[in-house]
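Observations on chain architecture
Residue strings, one per chain:
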Amino acid sequence: MIHRTVYMSRATRLLTDIEAQDLADRASESNKALSVTGLLLFDGRRFMQAIEGEKAAVQDLMARIRADPRHDMIAIVSDGPAARRKFGIWSMSYKRVGEGCCTTGYLNQVKTQMVDIPDLDLRAAFIGFAKLAYNDTLSDQENPEKTSDKR
Ligand SMILES: Cc1cc2nc3c(=O)[nH]c(=O)nc-3n(C[C@H](O)[C@H](O)[C@H](O)COP(=O)(O)O)c2cc1C
């Protein structure tokens, strides 16, 4: 039996794409050693992450992630035992969603990446997150005031 935790959180400051990519690369490297697999989406303001593996490894990692000052407002989406891995091919797949991806093609890309995840609830949660980021981007573009307070 493996353990899986899925959560969403808010970046405490604007991370650059390079910082976010660096975070994901380090996470991937260290997860490999712990046999932890998962998926991390980041829309520039919010994270959504699934981590799965041996219970102790996931709980230890979750404690470290919780203590990380780069994010707060951590909301657990699901947490518990699972029969098998759903993200088994990725030590930590990372995808930047939203900004700069203002076409429906980008949503399809996220959906394509999710296609291997057999759990419909889990898939819907990640696609919903990506869709929200996409809608945010649209309304930011339509509303110049909102765009200016983002900077
Ligand atoms: C959104 C987010 C996701 C993270 N995901 C992971 C992860 O999957 N694996 C990991 O080792 N570190 C991850 N980290 C980094 C950890 O919080 C922590 O910085 C890292 O494990 C090093 O911990 P340590 O300084 O206590 O050794 C993540 C951080 C954030 C902000």
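Residues numbered from 1 in each chain as written. Predicted model: local features only at pLDDT ≥ 70, side-chain atom pairs only at ≥ 80, totals over all residues.

A few points about the site of the ligand
So the rule is basically this: Contact assignment follows one rule, namely that a residue is near a molecule or strand if its backbone-placed C-beta atom lies within 6 Å of it. Secondary structure elements follow DSSP: runs of H or I no shorter than four residues count as helices, runs of E no shorter than two count as strands, and numbering proceeds from the N terminus. Gly is put with the polar residues, along with every residue not named as nonpolar or charged; the nonpolar set is Ala, Val, Leu, Ile, Met, Phe, Trp, Tyr, Cys and Pro, and the charged set is Asp, Glu, Lys and Arg.
For the ligand, the set of nearby residues contains 17 residues, the closest of which are Ala27, Ser30, Phe47, Asp68 and Arg70. Of all the secondary-structure elements, those providing two or more residues to the shell around the ligand are helix H1 (17-34), strand E2 (37-42), strand E3 (46-53) and helix H2 (55-66). Broken down by element, the shell around the ligand gets its largest block of residues, 4 residues, from H1. Of the residues assigned to the shell around the ligand, the class counts are 8 nonpolar, 6 polar and 3 charged.

What about the nonpolar core?
The criterion, for reference: Put simply, a nonpolar core is a cluster of buried Ala, Val, Leu, Ile, Met, Phe, Trp, Tyr and Cys residues tied together by C-beta atoms within 7 Å. Three exposure classes are used, all based on how many other C-beta atoms lie within 10 Å of a residue's own C-beta (placed from the backbone): buried at 20 or more, exposed at 12 or fewer, and partly exposed between those limits. Working definition of a contact: two residues with C-beta atoms, positioned from the backbone, lying within 7 Å.
Counting residues in hydrophobic clusters, the biggest one holds 21 residues, and the most contacted among them are Leu39, Leu40, Leu41, Phe126, Phe129 and Ala130. Elements with a contribution of two residues or more to this core: strand E1 (2-11), E2, E3 and helix H4 (120-142). Element by element, the count of residues in this core is highest for H4, at 5 residues. Not counting residues up to four positions away in its chain, the partners in contact with alanine 130 are Leu41, Val97, Leu107 and Val110.

Thoughts on the confidence of the model for the protein chain
Using the following cut-off: What pLDDT conveys is the predictor's confidence in a given residue, as a value from 0 to 100.
Mean pLDDT over the protein chain stands at 83; residues scoring 70 or higher make up 81%. The least confident element of the protein chain, judged by mean pLDDT, is helix H5 (residues 144-150) at 47; the most confident is H2 at 98.

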